[in-house]
2 protein chains.
Amino acid sequence: MADAPRPAADDVHPFDLATGLQAAGPHHWRGQPGALYWNMVGPFGGATAATLLRAVLLHPERLGEPAALTINYAAPMADAPFLLEARPVRTNRSSQHWVIALTQPDAAGVVVTVATATALTAVRRETWSATELPMPQVMPADALPRTPPIAGFAWSERYDIRLLDGPLPETWDGAEHADSTSRLWMRDLPPRPLDFLSLAAMSDMFYPRVWRRRAHRTPAGTVSMTVYFHADQAALEASGTSALLGEARGQEFRHGFFDQRAQLWNADGLVLATTHQIVYFRD
Amino acid sequence: MADAPRPAADDVHPFDLATGLQAAGPHHWRGQPGALYWNMVGPFGGATAATLLRAVLLHPERLGEPAALTINYAAPMADAPFLLEARPVRTNRSSQHWVIALTQPDAAGVVVTVATATALTAVRRETWSATELPMPQVMPADALPRTPPIAGFAWSERYDIRLLDGPLPETWDGAEHADSTSRLWMRDLPPRPLDFLSLAAMSDMFYPRVWRRRAHRTPAGTVSMTVYFHADQAALEASGTSALLGEARGQEFRHGFFDQRAQLWNADGLVLATTHQIVYFRD
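Asks: Help me out: how do you make sense of the overall build of chain A in this one?
Replies: Helix and strand content of chain A: 6 helices and 13 strands. Against the globule reference of 19 Å for 283 residues, chain A gives a C-alpha radius of gyration of 18 Å, in line with a compact fold. The principal-axis extent of the C-alpha atoms belonging to chain A is close to 55 × 50 × 40 Å. The buried share among the 283 residues of chain A stands at 58%. Of the contacts made within chain A by residues no fewer than 6 positions apart, 70% connect residues no fewer than 24 positions apart. In the structure as shown, chain A presents an accessible area of about 10,900 Å², 56% of it carried by carbon and sulfur atoms. Each charge sign in chain A was given a centre, from 24 positive and 29 negative side chains, and these centres are 4 Å apart.

What follows is the structure in structure tokens.
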């Protein structure tokens, strides 16, 4: 159940270069994030999530498709080689539990944990289905201009974002907003057919809600993110390279942390993923 | 930063008996769930979450208070001895990342993984605070009768539940509801001062939303739950033995899984925890 063979290097999408892995023995892979999806003090967290999930998808013992992923960002990742361990710790009849860790040598050469994760894969079946998250009525992506990428953030050059509501503050004037909701269309740039990896990455597309609430430039960063995958492979293939609609909103802000939830729909209105994250903020 | 000394055995609350641990060397504890919080094929998942978190709280190297917990229910837990490993894998200046696993011998004596978890602890500080989850206006707990426990489920005898909205279906007649919201007041029975352990347990208080949606008795069980703790120790102490208000709602139901989100407020309207879980259902 490993991924399809990788295409020739000159055809490889930047996302696959940035999240690529080389086998390094049972349950182990090596890689290096590179600069393509660089954020401020490490790679875009969504790319890191995809990197960890890729090991699960590549694992020869994998059963089923991703259903849940929780990634904990323990320390900034350096643009240096890492070692990734992904191990199935429990295989049931139709589901499987994974424990994942990414380590790197620190500046002193000591190997430290940079990220941990757990994942659930499962054989998806047809069942009763329903949603309590109807897609908001919004302008289609094609009717909107591309929102300019954020200067100096390489990863934001790799996405075509069409913002509907809830922009980054234009001025950091401390004007408080009661509601932190943002809505946006997003897709890979250049276009890339949607898969579980890019869906995991796009789950981390929403800037820290505290910035929207406060228009105050406090340092902030995701500490833990959970993604529930509601799409199966067929739904991903049907989504193709179309933009996904995402909506994110903050929940509770206190004592240096807040959480935010988000949903991702495809253009047909199907919920592909729901996601939650807890974010550190300084003040 | 270990817990306060345990009281004499005859004063021990059933919750502490059911989630108690004995030290078993560095990073390791032993325990046994017992029948006090038994559910259908294992202990109440909330009690299991508390058991895993207890190891973190007891750990001599712990830094700060719980901020996030993700627990994965990999297999039914037997009422038999278990071994629990809780290891701090990364300690930063004011936060710490934990990896946790619970194992038991299976029927053939082979040691298997029953649950995995990751946790974040952090030194909480005063910062700007706000909520986007105002407490719903509801009847106070004291104005409502206790909702009868569910016959045959020991754990439900251990909670004083006052249901406001969204009961279990009285008849399993297949009548669909468009909205799966439930609201209820809850507290330990007998009363027990709120702590991070009981807050973790009460985060799993909401029956599977698919039952509410469908009034169809499909087998269902939580596979993974994430809790974000917004309360610090002072907020827990201020909550004391008062009932907490919980609200839960389903999100997306498809391919044998659905997810639900929930919030827990204390009687003063403070959000103590937000939580999300993904639940298996059969058909």
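Asks: When you look at the relation of the copies chain A and chain B in this model, what are you seeing that I'm missing?
Replies: Here two copies of a chain appear, and what relates them is a rotation about an axis with a shift along it. Each copy superposes on the other: chain A lies on chain B with an RMSD of 0.0 Å after a rotation of 180° and an axial shift of 0.0 Å. A rotation of that kind, with that shift, is consistent with a two-fold axis.

Asks: Could you clarify how one ought to interpret the pattern of salt bridges in this entry?
Replies: Pairing between side chains becomes possible if they bear opposite charge and their charged atoms approach one another. Residue and element names in this part refer to chain A. Across all of its chains, the model carries 22 salt bridges over all chains by this definition. Between aspartate 16 and arginine 54 there is a salt bridge, with the nearest N and O atoms lying 2.7 Å from each other. With aspartate 16 in helix H1 (residues 14-18) and arginine 54 in helix H2 (residues 45-58), this pair connects stretches of sequence that are 38 residues apart. Assigned by exposure class, aspartate 16 and arginine 54 land together as buried. For arginine 192, the salt bridge is made with aspartate 195, and the minimal N-O distance between the two is 2.8 Å.

Asks: When you look at H2 of chain A in this model, what are you seeing that I'm missing?
Replies: Along an α-helix, residues three or four apart share an orientation, since each turn contains 3.6 residues. With 14 residues, H2 of chain A should reach 20 Å at 1.5 Å per residue; the first-to-last C-alpha distance of 20 Å fits that figure. Most of H2 of chain A sits inside the fold, with 13 of its 14 residues counted as buried.

Asks: Is there a simple way to explain unusual backbone geometry in this structure?
Replies: The general pattern is negative phi for most residues beyond glycine and trans for most peptide bonds. Residues and elements named next belong to chain A. Following leucine 189, the chain continues into proline 190 via a peptide bond in cis, with omega recorded as -5°. For histidine 255, which is not glycine, the phi dihedral falls at a positive 55°. For histidine 255, the location among the structural elements is in the loop between strand E11 (244-254) and strand E12 (257-265).

Asks: Would you mind going over the pairing of strand E5 (residues 95-105) of chain A with me for this structure?
Replies: On a regular strand, each side chain points to the face opposite its neighbour's, so the side chains alternate between the two faces of the sheet. All names here are of chain A. Most of E5 is tucked away: 8 of the 11 residues are buried. In this antiparallel pair of consecutive strands, strand E4 (residues 82-91) and E5, the connection spans 3 residues. As paired strands, E5 and strand E6 (residues 111-122) are joined by 11 bridges and run antiparallel to one another. Bridged to threonine 103 within E6 is threonine 113. The antiparallel hairpin formed by E5 and E6 contains 5 residues in its connecting segment, where glycine 109 sits at a positive phi of about 85°.

Asks: Whenever I open this one, the packing of aromatic side chains confuses me. Can you help?
Replies: Two measures describe an aromatic ring pair: the distance that separates the ring centres and the angle between the ring planes. All names here are of chain A. One pass over the structure, following the stated rule, counts 25 aromatic pairs over all chains. Note on phenylalanine 257 and tyrosine 280: the rings are 6.2 Å apart at their centroids and 75° apart in plane angle, and the pair reads as edge-to-face. On the criterion of sequence distance, the pair formed by phenylalanine 257 in strand E12 and tyrosine 280 in strand E13 (residues 271-281) is long-range, its members being 23 residues apart. A relative accessible area of 5% places phenylalanine 257 in the buried class. When its relative accessible area of 27% is taken as the criterion, tyrosine 280 is described as partly exposed.

Asks: What is the right way to read the side chain of arginine 192 of chain A from this model?
Replies: Residue and element names in this part refer to chain A. Along the chain, the position of arginine 192 falls in the loop between strand E9 (182-188) and helix H4 (196-202). Exposure remark for arginine 192: the relative accessible area of 9% places this residue in the buried category. For arginine 192, the side chain forms a polar contact with the side chain of aspartate 16, separated by 2.9 Å. Looking at arginine 192, its side chain comes within polar contact range of the side chain of serine 198, at 3.5 Å. Contacts of arginine 192, omitting those with residues within four sequence positions, involve His13, Phe15, Asp16, Ser198, Gly240 and Thr241.

Asks: Whenever I open this one, the interface of chain A and chain B confuses me. Can you help?
Replies: The accessible area lost on association of the parts is a frequent measure of interface size. Tallying the contact residues gives 63 residues for chain A and 64 residues for chain B. The largest contributions to the chain A side of the interface with chain B come from Trp128, Glu132 and His255 of chain A, which together make up 16% of the buried area. Put simply, chain A and chain B have 4 salt bridges between them. In this structure, glutamate 132 of chain B engages arginine 249 of chain A in a salt bridge whose closest nitrogen and oxygen atoms are separated by 2.7 Å. For the pair chain A and chain B, the interface holds 50 residue pairs in polar contact (both at pLDDT 80 or more). For the side of chain A that touches chain B, the leading source of residues is E13 of chain A, giving 7 residues. Among the residues forming the side of chain A that touches chain B, the class breakdown is 25 nonpolar, 21 polar and 17 charged. Both E11 of chain A and strand E7 (residues 130-131) of chain B contribute to a ladder of 2 bridges, which runs antiparallel. By the bridge assignment, phenylalanine 253 of chain A is partnered in E7 of chain B with alanine 130 of chain B.

Asks: Explanation requested: the pairing of strand E2 (residues 28-31) of chain A in the structure shown.
Replies: Residues and elements named next belong to chain A. Pairing of strand E1 (residues 22-23) with E2 involves 2 bridges; the strand directions are antiparallel. Bridge assignment links glutamine 22 to a residue of E2, and that residue is arginine 30. Here E2 runs beside E4; their pairing, made up of 4 bridges, is antiparallel. Looking at E4, one finds that tryptophan 29 is bridged to leucine 84.

Asks: What exactly am I supposed to notice about the confidence of the model for chain A here?
Replies: Caution applies to low-pLDDT parts of the model: their predicted coordinates are not meant to be read in detail. Confidence in the prediction of chain A, expressed as mean pLDDT, is 95, and 96% of residues score 70 or more. Scoring of the predicted complex yields 0.96 for pTM and 0.96 for ipTM.

Calculation rules
Along every chain, residues carry numbers that run from 1 in the direction the sequence is written. Here the convention is simple: chains get letters from A, ligands get numbers from 1, in the order in which they are written. Where local features are concerned, this predicted model is filtered to residues with pLDDT of at least 70; where side-chain atom pairs are given and counted, the filter is 80 or more; whole-chain, interface and lining totals use all residues. The side-chain numbers reported here are obtained from all heavy atoms of the structure, hydrogens and water having been left aside. Numbering of helices and strands starts at the N terminus; helices are DSSP runs of H or I of at least 4 residues and strands are runs of E of at least 2. To get the radius of gyration, use the C-alpha atoms; to get the globule rule, take the number of residues to the power 0.38 and multiply by 2.2 Å. Throughout, exposure labels follow a simple rule: accessible area from a 1.4 Å probe, protein chains only, divided by the maximum for the residue type, with under 20% read as buried, over 50% as exposed, and the rest as partly exposed. Here a residue-residue contact requires only that any non-hydrogen atoms of the pair lie within 4.5 Å. Surface exposure here means Shrake-Rupley accessible area, sampled with a 1.4 Å probe, where a residue is shielded only by the protein chains that are shown. In this count, Lys and Arg are taken as positive residues and Asp and Glu as negative ones, while His and the chain termini are left out. Every charge is mapped to an atom, namely NZ of Lys, CZ of Arg, CG of Asp or CD of Glu. We superpose the copies by least squares over the C-alpha atoms of residues that have a pLDDT of at least 70 in both of them. Every case where a carboxyl oxygen of Asp or Glu lies within 4 Å of a side-chain nitrogen of Lys or Arg is listed as a salt bridge. Expected span of a helix: the number of residues minus one, times 1.5 Å. Note on pairing: DSSP must find at least two bridges between two strands before they are called paired. Aromatic rings from Phe, Tyr and Trp, taking only the six-membered ring of Trp, are treated as a pair when their centres fall within 6.5 Å; an angle between ring planes under 30 degrees marks them as stacked, one over 60 as edge-to-face, and anything in between as tilted. Throughout this description, a polar contact denotes any pair of N or O atoms lying within 3.5 Å of each other; where both atoms belong to protein, one of them has to be capable of donating a hydrogen while the other can accept it, and for residues adjacent in sequence the pair is counted only when both atoms sit in side chains. A 1.4 Å probe defines the accessible area here, and the buried area is the portion of it lost by two parts on being joined, summed over both. Side-chain classes follow a simple rule in which Ala, Val, Leu, Ile, Met, Phe, Trp, Tyr, Cys and Pro form the nonpolar group, Asp, Glu, Lys and Arg form the charged group, and the remainder, Gly included, forms the polar group. Residue-level confidence of the predictor, termed pLDDT, takes values from 0 up to 100.

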